[in-house]
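Fold and geometry: a report
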Amino acid sequence: MMMMMTVLNQKVAALFKLPPGRMLTYLTGYPFARLGKQTPRVHAIHSELRWIRAAIGYLKLLGESQLPDMDPQFLQEVRNYYHPVGHYIHPDDYRIFFHLTGQKNKKFISNYLFHNHVMSVLNPAGLESNLMDKNVYSRIYSEFRQPETLLRYMRGAFYNAKYRMISSAEAERVLLNAEIEWVIKPSRFSNSGTGVFTGSSSGGKIVMNGAERSLGYFRNNYPEGFIIQERVKQSEHLSVFHPGSLNTLRVFTLRLGSEIVTLPGTYARFGRGGNHVDNMGSGGVGCGVSAGGELTPRGISNDLKWVERHPDTGIVFSGRKLPFYAEVKSFVTEMHRVTPEIGLASWDIAIDEKDEPVLIEINTFYPNSFNPQLLNGPFFGEYTDAVLDHTIRKKYH
């Protein structure tokens, strides 16, 4: 009961941090979202509330009273830099950045401005909708390496890897005949590894996460759809840190006119405690990757503690070279060219046992801007002014 009240209090506190207009939009649209009629606007605010709750959690975790007070002169400098929307900036964001990185840098961008005044221009509502379903990746990015797909579930029907609709009996046979370990995940509205499980077939049974399951179970627990794919056998360069999870690189690309650039926020994500997912939201660890493809000297855990080695295996981050990083950057850049209408893309890339990049997921709707800034500095780096000229300054000029 106490835990329930804490979660409720955090949700209410987050709601009241929204500007009045957005709060009204959310409260009006939320009942329809719960009925399954999820509009992009309400979904965006819902995601924003998630990050506001996260910020409240960060303050509590760090001990708000232990954080330095905001320097009024620096706060004014930041607000002037983001004029004419700088008044939306909340000092807590920059207190957290300064406390954790030791940097007073106006180019750190707050979550609110990033999502509501930059992302809303770079990726206007509707453009990204086709990419919100992982089941479409094989069509849009058909020329790029992806895990082998066994089964799809879309709009209440089963489909094979080639998008042919199949019966429940055929779908069951596909899984029972699969002689590989596989991964099931929600194809839409997934977050922080929720709903991602490993599975296999043994003795005429479908086993997921160690328990026997049926197709009916999958249908009921993944009503928005799911995709089942072969589990990637990963590169030793990443598996050494935590063999039990698929460890990935989170890479960001930005379209500036006709040019696609890789942003400085790339970081490696490693699972912990035997967990099969690497998301920091699920207890994982993140470590920055330099432009030259080396891990930075320290990473950060999900409880916002700096670590110089993986907490479980003790493998040191500093000096670890990722020899495939140049290929990863080329890989995501070429994929971004396939969808030029997208301004900013966040890619989750696995590295297979041949050290070749594999597309796991793309996020163009609500990418995390907090972790990459802690690990690598300001999100847009040298491109910050160009991005602001194209978004905030242009929109309100």
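Keep in mind it's a predicted model, so treat the numbers as computed, not measured.

On to the confidence of the model for the chain. In this model, the chain carries a mean pLDDT of 87, and residues with pLDDT of at least 70 account for 85%. pLDDT under 50 marks residues 1-8. Its contacts with residues more than four places away, or in other chains, come to 1 contact.

Moving on, we get to the environment of Val328. Structurally, Val328 is set in helix α11 (residues 325-338). Taking C-alpha positions, Val328 is 8.0 Å from Glu356, a pair spaced 28 residues apart along the chain. When neighbours within four sequence positions are excluded, Val328 is seen to be in contact with Leu249, Val251, Ile349, Ile351 and Pro357.

This part takes up the sheet that holds strand β8 (residues 226-230). Two strands in a sheet stick together by hydrogen bonds in their backbones, pointing the same way (parallel) or opposite ways (antiparallel). Strand order in the open sheet formed by 8 strands is β3-β2-β1-β8-β4-β5-β6-β7, with antiparallel pairing between adjacent strands. Every interior strand has two partners, whereas the edge strands, β3 (165-166) and β7 (211-213), have only one. In terms of strand pairing, strand β4 (residues 182-186) meets strand β5 (residues 197-202) through 3 bridges, oriented antiparallel. Bridged to Trp182 within β5 is Gly199.

Before going further, it helps to spend a moment on the nonpolar core. Generally speaking, nonpolar side chains in soluble globular proteins are found buried as a group. Formed by 41 residues in total, the largest nonpolar core has its most connected members in Tyr82, Tyr94 and Phe380. Elements with a contribution of two residues or more to this core: α3 (40-62), α4 (72-81), α5 (91-101), α6 (111-122), β9 (248-256), α12 (370-376) and α13 (384-390). No other element matches α6, which puts 6 residues into this core. Core analysis: the second largest hydrophobic core is formed by 31 residues, Phe144, Val251, Val328 and Ile349 among them.

The next subject is unusual backbone geometry. The step from His83 to Pro84 runs through a cis peptide bond, and the omega angle for that step is 10 degrees. Mapping Pro84 onto the fold places it in the loop between α4 and α5. The phi dihedral of Asn209 is positive, around 55 degrees, even though this residue is not glycine. For Asn209, the location among the structural elements is in the loop between β6 (205-208) and β7. Positive phi is not limited to glycine here, since Leu304 has a value of about 60 degrees.

Definitions and limits used
All residue numbers refer to position in the chain's written sequence, counted from 1. Side-chain atom pairs in this predicted model are given and counted only at pLDDT of 80 or more, local residue features only at pLDDT of at least 70, and totals for whole chains, interfaces and linings cover all residues. As a convention, hydrogens and water are excluded, and side-chain values are obtained from all of the structure's heavy atoms. Per-residue confidence from the predictor is reported as pLDDT, a score between 0 and 100. Any two residues whose heavy atoms approach within 4.5 Å at even a single point are treated as in contact. Comment: elements are numbered from the N terminus, with helices defined as DSSP H or I runs of at least four residues and strands as E runs of at least two. Two strands qualify as a pair provided DSSP detects at least 2 bridges between them. In plain words, nonpolar cores are sets of buried Ala, Val, Leu, Ile, Met, Phe, Trp, Tyr and Cys residues tied together by side-chain atoms within 4.5 Å. Relative accessible area decides the class of each residue, using a 1.4 Å probe on protein chains only: under 20% of the type maximum gives buried, over 50% gives exposed, and in between gives partly exposed.

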